[in-house]
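Now for the letters of each chain:
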Amino acid sequence: MAGTPSKHESGEEAPSKFVTNAALVTAQVIFGISAVVGTIGLPSFHPLTFALIRESSATILLLIAAHFYSLSAGREEGILSGHLEDWRKFAISGLGIFGSQAFYIIGIKLSSAVAASVWQPSQPIITAAVCMILGWEPFSFGRCFGILVAFLGCAIMVLGGGGGAGEAIGGEGPAGDNGAFSQLMGQFSFLLNCFGSSLYVLASKHIISCGRYESVAITAWSYAVASFYMLIFAVVMSWSTVLSRFLCYDCDDNIWHVPRKAIPAMIWFVVFTSAGSYGLITWANKHATGTLVIGYTVMQPVASAIMIQMLVVGGIYEGCTAVARRILLDDNGGICLDQPDKFTAIGAIGVFAGLLIIIFTEPKKEDTMGVDVDLVLEDDDDLDMGYADFEEEAVSLLELSERRNGTNSS
């Protein structure tokens, strides 16, 4: 029956809550570190070129990993296991990744990394609202309060001047240099970015519920679709010199130019940020609610602040104020990093307090099981695709019934 876990999945022992939460923490810590890597390791080049290279490279890596993992999990066709009819679901999950990454990078270039950090905590609010309104998760005042506390803690960290996260690809656009319209479009891009992140979590959970794919395969195919979207978007945008310059005023005239010194940072983003973090998020999404999965985004500025403090204390980079960070370059061409301050510590308390509330108000599995079943049964194609499994199960039950009847009659 569609929606029933496959044999190898039904025998899989569910991970402990600690392991699931540890995976989510690791994913968000990587995102937070990536914000710093993007700031110091990626020189100016077009954001869409960066996103296209990142997504296409991660797709290749994920497809290879997914194929061998699927084989080891008992899926004879490897990455090709599943059904072609699932393309609609992957079109939606891929759209989520595309929207999340493309518009995040555009927002960074048109606005600032600080603005990006302020927007990121809205993801759990969006996800929780969708899940509770649609009845996918039971409504909880405690959980809503926890999300609000974590959001306020994150806002204090960022607006207070420390812990600002954001993948400042090629440097962020200086406030005011691109005009009020640019700032407005930057904020709108962040809104689409947050909706994209929530969409991926919810769409991938729908795919997980059908039981036909390993988590890493879901991530791989979603990235493949996202790469296709990104290719079309980047090519279309490259046709207009005006749009290209608007998105990256400080970039080379050649939109496809990639600076050599950006390669190490690109490798980090492909291996850890894209393949690693998204793989962990998709895996955890199988064992936790969408609200909990996306709720850990508030960890990003905390991870960024800790990473910056380590680099400054270690003497690798110099610290500077939030204002100087946007304009100060030393004689050696290096950059300075905005160090954590008292607002960072105060905000971090709120972040962790909110996360604890979210974790401890996580609904029981039986309270959300009906959600997955309903999701699957709403799709007629799923019923057709699960017919073979249903027929096999029905035959087994019929044979068992006949044996029992024979025993009783004797």
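Refer to the preceding data block for the structure.
The structure displayed is predicted, hence computed values, not measured ones. (Residues numbered from 1 in each chain as written. Predicted model: local features only at pLDDT ≥ 70, side-chain atom pairs only at ≥ 80, totals over all residues. Heavy atoms only, no water.)

Draft legend 1. Region of the structure containing the packing of aromatic side chains. All chains considered together, the criterion is met by 13 aromatic pairs. Where Y200 meets Y278, the ring centres are 5.7 Å apart and the plane angle is 70 degrees; that geometry is what we call edge-to-face. Separated by 78 residues along the polypeptide, Y200 in helix α8 (residues 179-209) and Y278 in helix α11 (residues 263-285) bring together distant segments of the chain. Neither residue differs from the other here; Y200 and Y278 are each classed as buried. (Phe/Tyr/Trp six-rings, centres within 6.5 Å; stacked < 30°, edge-to-face > 60°. Helix = DSSP H or I, 4+ residues; strand = E, 2+ residues; numbered from the N terminus. Buried < 20%, exposed > 50% of the residue type's maximum accessible area, 1.4 Å probe, protein only.)

Draft legend 2. Representation of the packing of helix α3 (residues 47-72) against α11 within the structure. With their axes 9 Å apart at the nearest point, α3 and α11 run at an angle of 60 degrees to one another. By the angle between their axes, α3 is oblique relative to α11. The crossing of α3 and α11 is right-handed. Across from F50, I53, R54, S57, A58, L61 and L62 in α3, the residues of α11 making contact are M266, F269, V270, V271, T273, S274, A275 and Y278. Within the contact of α3 with α11, the residues separate by chemical class into eleven nonpolar, three polar and one charged. (Axes fitted to C-alpha atoms, helices over the stretch in contact; angles between N-to-C directions. Parallel < 35°, antiparallel > 145°, perpendicular 65-115°, else oblique. Left-handed = near helix turned anticlockwise from the far one by under 90°. Contact = heavy atoms within 4.5 Å. Nonpolar A, V, L, I, M, F, W, Y, C, P; charged D, E, K, R; others polar.)

Draft legend 3. Region of the structure containing a nonpolar patch on the surface. Together, L61, I263, I267, V271 and F272 line one region of the surface with nonpolar side chains, adding up to about 420 Å² of accessible area. In this fold, V271 is placed in helix α11. Judged by relative accessible area, which is 35%, V271 ranks as partly exposed. (Patch = residues over 30% accessible without salt bridge, like charges linked within 9 Å, V, L, I, M, F, W, Y side chains within 5 Å. Areas by Shrake-Rupley, 256 points an atom, 1.4 Å probe, with all protein chains shown as cover. Salt bridge = Lys/Arg side-chain N within 4 Å of Asp/Glu carboxyl O.)

Draft legend 4. How the structure looks around α11. Between its terminal C-alpha atoms α11 stretches 31 Å, which fits the 33 Å expected from 23 residues at 1.5 Å a residue. Largest kink in α11: about 30 degrees, centred on F269. (Expected span 1.5 Å × (residues − 1). Bend = angle between axes of the 7 residues up to and from the residue.)

Draft legend 5. Layout of the packing of helix α9 (residues 215-238) against α11. At their nearest, the axes of α9 and α11 sit 8 Å apart, and the two run at 125 degrees to each other. On the basis of their axis angle, the class for α9 and α11 is oblique. Between α9 and α11 lies a crossing of right-handed hand. For the pair formed by α9 and α11, the contact residues are S215, I218, T219 and Y223 on the first element and S274, Y278, G279, T282 and W283 on the second. Per-class residue counts for the contact of α9 with α11 are four nonpolar, five polar and no charged.

No statement about biological role is implied by the geometric values presented.
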